[in-house]
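# Overview (structure and organization)
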Amino acid sequence: MRQAAFTVLSLLLLGPSLIHAAPHDAAHHASTQLGTAHGSPRPWRRLSDAIIRKIWRLPEHQKSLGREHVTGDHIVAQYSEDVVLRFKIRTVEEASALADAADTLFLDVWEFNDDWADLRIAKDVVPSLLGLLPPSLQKAHEPLMQDRELAQAIFDSYPSPSTQSHESDRFSPNLRPSHRTAKGHPFFQDYQPLSVINPWMSLMSSMFTTHVRRIAVGKSYEGRDIPALRVGVHPTNNDQPSEPRKTVIITGGSHAREWISTSTVNYLAWSLINGYGKDREMTRLLEEFDFVLVPTLNPDGYMYSWETDRLWRKNRQPTSLRFCRGVDLDRSYPYKWNGDSTRSNPCSESFAGDAPFDGVEAQRFAEWARNETESNNVEIVGFLDLHSYSQQILYPYSYSCDEEPPAIEDLEELALGLAKAIRVSRKGHAYKVTSACEGNVAFANKKKTILPRIESSGHTCQQASWLAQLSSARSA
Ligand SMILES: [Zn+2]
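All values reported here derive from a predicted model rather than from experimental measurement. (Residues numbered from 1 in each chain as written. Predicted model: local features only at pLDDT ≥ 70, side-chain atom pairs only at ≥ 80, totals over all residues.)

## Examining the pairing of strand 7 (residues 225-231)
In terms of residue burial, strand 7 counts as a mostly covered element, since six of its seven residues are buried. In the sheet, strand 6 (residues 212-219) pairs with strand 7 via six bridges, with the strands oriented antiparallel. Across the sheet, the residue bridging to arginine 213 is arginine 230, located in strand 7. Turn length for the strand 6-strand 7 hairpin, with the two strands adjacent in sequence and antiparallel, is five residues, and the turn residue glycine 223 shows positive phi of about 90°. Sheet analysis places strand 7 next to strand 9 (residues 290-294), joined by three bridges and oriented antiparallel. Its bridge partner being in strand 9, valine 231 is matched across the sheet by phenylalanine 291. (Buried ≥ 20, exposed ≤ 12 C-beta atoms within 10 Å, placed from the backbone. Helix = DSSP H or I, 4+ residues; strand = E, 2+ residues; numbered from the N terminus. Pairing = 2+ DSSP bridges.)

## Structural notes on the nonpolar core
Within the largest apolar cluster, 99 residues are counted, with the highest numbers of intra-cluster contacts made by Leu98, Val231, Ala269, Ile273 and Leu293. With nine residues, helix 10 (residues 259-275) is the largest single contributor of residues to this core. A domain-level breakdown of this core finds at least three residues from each of domain 1 (3-68 + 181-475) and domain 2 (81-146). With residues near it in sequence (within four places) discarded, valine 231 still touches His211, Val212, Ala269, Leu272, Ile273, Leu286, Asp290, Phe291 and Leu293. (Core = buried A, V, L, I, M, F, W, Y, C linked by C-beta atoms within 7 Å. Domains from an automatic or database assignment. Contact = placed C-beta atoms within 7 Å.)

## Structural notes on the packing of helix 3 (residues 72-79) against helix 7 (residues 149-157)
Contact geometry for helix 3 and helix 7: axes closest at 9 Å, N-to-C directions at 140°. Here helix 3 is positioned oblique relative to helix 7, judged by the angle of their axes. Of the two possible hands of crossing, helix 3 and helix 7 adopt the one that is right-handed. Residue-level contacts link Gly72, Ile75, Val76 and Tyr79 of helix 3 to Leu150, Ala151, Ile154 and Phe155 of helix 7. For the contact of helix 3 with helix 7, a count of residues per class yields seven nonpolar, one polar and no charged. (Axes fitted to C-alpha atoms, helices over the stretch in contact; angles between N-to-C directions. Parallel < 35°, antiparallel > 145°, perpendicular 65-115°, else oblique. Left-handed = near helix turned anticlockwise from the far one by under 90°. Nonpolar A, V, L, I, M, F, W, Y, C, P; charged D, E, K, R; others polar.)

## Focus: helix 10
The end-to-end C-alpha separation of helix 10 is 24 Å, in line with the 24 Å expected for 17 residues at 1.5 Å each. Glycine 277 sits one or two positions beyond helix 10 and adopts a positive phi of about 85°. (Expected span 1.5 Å × (residues − 1).)

## A short note on the sheet that holds strand 5 (residues 141-145)
With respect to topology, four strands assemble into an open sheet ordered 3-4-2-5, the strand pairing being antiparallel. Edge strands, defined here as strands with exactly one partner in the open sheet, are strand 3 (108-112) and strand 5. The average undirected angle you get between the axes of adjacent strands in this sheet is 25°. Judged from the seven bridges that link them, strand 2 (residues 82-88) and strand 4 (residues 116-122) form a sheet pairing that is antiparallel. Pairing of leucine 85 across the sheet is with leucine 119, part of strand 4.

That's the geometry; what it means functionally is another story.
The structure is reproduced here in structure tokens:
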């Protein structure tokens, strides 16, 4: 394939504590009926929306949400001593000092851009942090979440009692009841655990056999399938050998706690599935392309974030340090692997493993994609990886601003188009479009590489470049 046709973007979505699991009315967007253009209704079309809604509530599975593991008391005990601070950054020196201090104290960096950094930190560690900073930074911070706001936000991220059969009084009275309203489709009203997502995916494939298949793109370290839906309509009655199937991959959840990315992949899957045969554009897309939708590349971490630690980020494989599990899957891909900076620190949220492809799920996903390309007549033409916190659309490369990917103009145009579509459809919601390398610009001039931007330095570069390599290898 031409490199120019391969497009890779990373989309950072609004933080999980700040938004519902998906846009409201997810399943109720009116789709244009195509009338008789596509012949008689396929069997699944005869199912009324009411039946779909009824099935979709999955009452038998809702009982195994994992919420029994997570009570209000548990959340308060785990997170009430943490705050989230935003530091305003004015100079390269300030940025450098803050990055060093965050590294020294193993802080959880939520965002680090040219203007500010958001850090999660235990209240009693704040004096130590300030002690490491230059005077100009010591007062240049404000709390984004204090007291119990983080615990409350975490509490709010679990399925709301209004859409559950669970009783809300199991939660601590110290936390306010969630004030979310129960609008929209129940499946997208809340975040869903793996115990609901898995049967939902099976349900989709059994209901919509004409254009949906449930697949796995690998197995996790703990032996779980990495589930995916392949959505598309293959040409039939064709005696000629078929051309490689153009395929777009959309992934979420490689960082466990970024639940909104998982829900958004499911929402995209549903939009494509439900739009087929109803919406002309969706139908055309599914005739032209396959979409492989992977809601959670990191199922072990996702489970762990539901049952044990809501803010867990990495996968769950052991490291050389017994008490610090997990590899950052984003940084595990081999192209321009940058693991030397974290190799000595398995406790880092950005730990890339001891060597390229140490992250089990990253390696398995890579093997799957290679096999698809080499043996299954698939041509991967696009890759979108969803993450959360900060609203940005990032395109490659991340490892260096000195190098440009092939077809940089196409990537920029696509990213700008995506931002525009979000702005128009979400009433002015602004997403920043930038190269993933931009976070390092301030440091590049001084030949100092600091990568505290957790959400923008790994995934776009390595994962995407690795897929691009696959594509070009195929064309070679
Ligand atoms: Zn992420």
